[in-house]
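Overview (structure and organization)
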Amino acid sequence: VQLQACGGGLVQAGGSLRLSCAVSGSGGRINAMPVAWYRQAPGKQRELVARVFGSTTNYADGVKDRFTISRDSAKNTMYLQMNSLKPEDTAVYYCAVRPLGFGNEYWGQGTLVTVSS
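Here goes a summary of the coordinates provided.

This part is about the sheet that holds strand β3 (residues 17-24). As summarised here, the arrangement of the four strands in space is β1-β3-β8-β7, forming an open sheet in which the pairing is antiparallel. Of all the strands in the sheet, just β1 (2-6) and β7 (67-72) have a single pairing partner and so form its edges. This sheet shows a mean twist of 15 degrees between the axes of neighbouring strands, independent of strand direction. Sheet analysis places β1 next to β3, joined by five bridges and oriented antiparallel. Its bridge partner being in β3, Gln2 is matched across the sheet by Ser24.

Dropping the structure here:
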């Protein structure tokens, strides 16, 4: 399973970014498996940002109403739309999928998001 994330960069507080993650080799379409975005800020543990499986979507408390996770089954690509960005959103963002719905979770290489104040 390969995941290729992109879309990170430097943005001012209040700005927006959209992260993309192309998934290949999973043996299925991403709308049929749990997919998620995580992030890891400097000196902190990796944390779940958003997850979607079927019609169920979960967000971390700090990003609700600002971030939106979505999937394009035809492109086998997942997205994270991030609006009203804050300096505390600065982190390396990772996409992840669990092709079987349980068991191994596969990760992308991460994309850096830096939000300046």
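Bringing the environment of Asn31 into the picture now. With respect to the secondary-structure elements, Asn31 resides in the loop between β3 and β4 (35-40). For Asn31, a relative accessible area of 40% corresponds to the partly exposed category. Taking the C-alpha atoms as reference, Asn31 lies 9.4 Å from Thr77; in sequence the two are 46 residues apart. Beyond its immediate stretch of four places on either side in the chain, Asn31 contacts Arg71 and Ser73. In terms of polar contacts, Asn31 uses its side chain to reach the side chain of Ser73, at 3.2 Å.

Moving on, we get to the side chain of Ser26. If you trace the backbone, Ser26 turns up in the loop between β3 and β4. Assessed through its relative accessible area of 13%, Ser26 is described here as buried. At 2.9 Å, the side chain of Ser26 and the backbone oxygen of Gly28 are in polar contact. Setting aside chain neighbours within four positions, we find Ser26 in contact with Val1, Met33, Asn76 and Pro99.

This part takes up the environment of Gly108. Position of Gly108 among the secondary structure elements: in the loop between β10 (106-107) and β11 (111-116). Considered as a pair, Gly108 and Tyr93 are 15 residues apart in the sequence and their alpha carbons are 9.0 Å apart.

This part covers the side chain of Asn76. Secondary-structure assignment places Asn76 in the loop between β7 and β8 (77-82). The contact partners of Asn76, leaving out residues within four places of it in the chain, are Cys21, Ala22, Val23, Ser26, Gly28, Arg29 and Ile30.

A few words now on the pairing of strand β6 (residues 56-59). Strand direction decides the pairing type here: strand β5 (residues 47-53) and β6, joined by four bridges, are antiparallel. Directly across from Arg51, in β6, lies its bridge partner Asn58. With antiparallel pairing between neighbouring strands as the criterion, β5 and β6 make up a hairpin whose turn holds two residues, including Gly54 at a positive phi of roughly 65 degrees.

Scoring rules and cut-offs
Residues numbered from 1 in each chain as written. Predicted model: local features only at pLDDT ≥ 70, side-chain atom pairs only at ≥ 80, totals over all residues. Heavy atoms only, no water. Pairing = 2+ DSSP bridges. Helix = DSSP H or I, 4+ residues; strand = E, 2+ residues; numbered from the N terminus. Axes fitted to C-alpha atoms, helices over the stretch in contact; angles between N-to-C directions. Buried < 20%, exposed > 50% of the residue type's maximum accessible area, 1.4 Å probe, protein only. Contact = heavy atoms within 4.5 Å. Polar contact = N/O pair within 3.5 Å; in protein donor to acceptor, adjacent residues only side chain to side chain.

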